[in-house]
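Listed here are the chains, written in short residue letters.
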Amino acid sequence: METDAFYLDRTVRLEGGTLVAERKLDGRDHYLHQHLVDGVPTMPGVFVTEIAAQAARRLVPQGVVTGFRDLVLDRFLRLGGGSDRAPLRVRATLRSGAAGRSVVDVVVTMDVVAPSGQVLVRDRRHFSVTVLVDARRPAAPTWPAWPTADELPVPDPYLTPGSPVRVDGAFVSTTGLRLHPLGARARYTAPAGAGSVFDRFTVPVLLLDGLLRLIGTELVDDRYVPIFAPTRIRRIDLHVGGGDVVLGGAGAVELFATPRAAALLGAEGGTRALAVDGTGRVLVQIKDVVGVGVGGFDTVAGRQVDWPVIGDVGRSRLSGRVGVVPL
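Residues numbered from 1 in each chain as written. Predicted model: local features only at pLDDT ≥ 70, side-chain atom pairs only at ≥ 80, totals over all residues. Heavy atoms only, no water.

**Things to note about the nonpolar core**
One finds Tyr31, Met43, Phe47, Phe68 and Phe198 to be the most contacted residues of the largest nonpolar core, which totals 83 residues. In this structure, phenylalanine 68 is in contact with Thr49, Ala52, Ala53, Val129, Thr130, Val131, Val203, Arg234, Arg235, Ile236 and Leu238, ignoring residues within four places of it in sequence. Judged by nonpolar contacts, the second largest core, of 7 residues, contains Trp146, Leu182, Val276 and Val282. (Core = buried A, V, L, I, M, F, W, Y, C linked by side-chain atoms within 4.5 Å. Buried < 20%, exposed > 50% of the residue type's maximum accessible area, 1.4 Å probe, protein only. Contact = heavy atoms within 4.5 Å.)

**A closer look at the sheet that holds strand E3 (residues 35-37)**
One open sheet accounts for 4 strands, arranged E6-E4-E3-E11; its pairing is antiparallel. Two strands close off the open sheet at either side, each with one partner strand: strand E6 (77-78) and strand E11 (165-167). With 2 bridges connecting them, strand E4 (residues 40-43) and E6 associate as antiparallel partners. Its bridge partner lying in E6, threonine 42 is registered against arginine 78. (Pairing = 2+ DSSP bridges. Helix = DSSP H or I, 4+ residues; strand = E, 2+ residues; numbered from the N terminus.)

**Some words on the pairing of strand E2 (residues 18-23)**
Within E2, 6 of the 6 residues are buried, which leaves it mostly tucked inside the rest of the structure. Of the two faces of E2, both are covered, the one formed by Thr18, Val20 and Glu22 as well as the one formed by Leu19, Ala21 and Arg23. In this structure, strand E1 (residues 10-15) lies alongside E2, joined through 5 bridges in antiparallel fashion. Counted as the bridge partner of glutamate 15 is threonine 18 from E2. Hairpin remark: E1 followed by E2, antiparallel, with 2 residues in the connecting loop; positive phi at glycine 16, about 55°.

**Quick word on the confidence of the model for the protein**
For the protein, per-residue confidence averages 89 on the pLDDT scale, and 90% of positions sit at 70 or higher. Counting interchain partners and residues more than four positions distant, the pLDDT-below-50 stretch residues 318-327 has 28 contacts. (pLDDT = per-residue confidence, 0-100.)

**Looking at the packing of aromatic side chains**
Evaluation of the coordinates by the stated rule reveals 15 aromatic pairs. On the basis of an interplanar angle of 50° and a centroid distance of 5.4 Å, the ring pair of phenylalanine 6 and phenylalanine 201 is categorised as tilted. Pair noted here: phenylalanine 6 is in the segment before E1 and phenylalanine 201 is in the loop between strand E13 (183-188) and helix H2 (205-215), with a separation of 195 residues, a long-range link. The class for phenylalanine 201 is buried, based on a relative accessible area of 4%. A ring pair is formed by phenylalanine 47 and phenylalanine 198, whose centres lie 6.5 Å apart and whose planes are at 80°; its orientation type is edge-to-face. Of this pair, phenylalanine 47 sits in the loop between E4 and helix H1 (48-59) while phenylalanine 198 sits in the loop between E13 and H2, placing them 151 residues apart in sequence. Classification of phenylalanine 198 by relative accessible area gives buried; the value is 3%. Here the aromatic residues Phe6, Tyr7, Tyr31, Phe47, Phe171, Phe198 and Phe201 are joined through ring pairs into a cluster of three or more. In this arrangement the basic side chain of arginine 23 is found over the ring face of phenylalanine 6, its NZ or CZ atom lying 4.7 Å from the centre. Over the ring of tyrosine 158 we find arginine 213; its NZ or CZ atom is 5.6 Å from the centre of that ring. (Phe/Tyr/Trp six-rings, centres within 6.5 Å; stacked < 30°, edge-to-face > 60°. Lys NZ or Arg CZ within 6 Å of the ring centre and 35° of its normal.)

Right under this line is the structure:
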């Protein structure tokens, strides 16, 4: 059976609350050339939300995806390097739900295949996540404005030459990056237009990717801006429907991440990032992100630095001055 879902080319199994589908990365995924990890086109881990949402809607077509829980980002999924020899394998399992909510567990794996075609590792896991599918979308909360304070503009380290994680084109989803005593702020650039590949997406993955980068933002020792890669996300809430193309028509969207330097200090919980419209309505929310530093940008020397340079300085100098907004 074939499907028109972007990440579900071939349905291997669909019965008894279980879906197994496959999809090879190929020319349709040219957008990944705008997201490079160590110079290689790489799928951001948060894109599993779109993959998982498509799978969940196959199992619960009458519902709406309202959020995700317990994302685990095990390893990068790269374009090329063997991904042309084996497909993504998406396994979705419907759990019993209650009160109009269905719960779907999704695991994304890929075989490791030698150039000869021999399978070296079967079903190596890349991502896993739980999808929440509700009968209707609950009302969105509102976000109180932060108090007026001096804000410090900082450069975006993901745009600098030589960055271990480099974004371009549609992945430049934030602008006006700055630090407030309570956290980091930016504006959403609405980078995906009608007719782009993201027109087929139903989760605002570019926005989510930008929010995750915002969580790691800090200026260490008045010079270093960290580069951060998430490994686990406890919770994502979608308070509006539609992908980045839809949100691009929602007017001005402000992004917030709090507390400051939580990722740098190795916080195991309490991180929060939000996208908020002009009325204060929360559009998207991410909570409790855990990750690792992978490098940074030295704004004084104008060059990349390795993570230990930032991490060692940051932990010693930031621990007593991290602001927080209660969750």
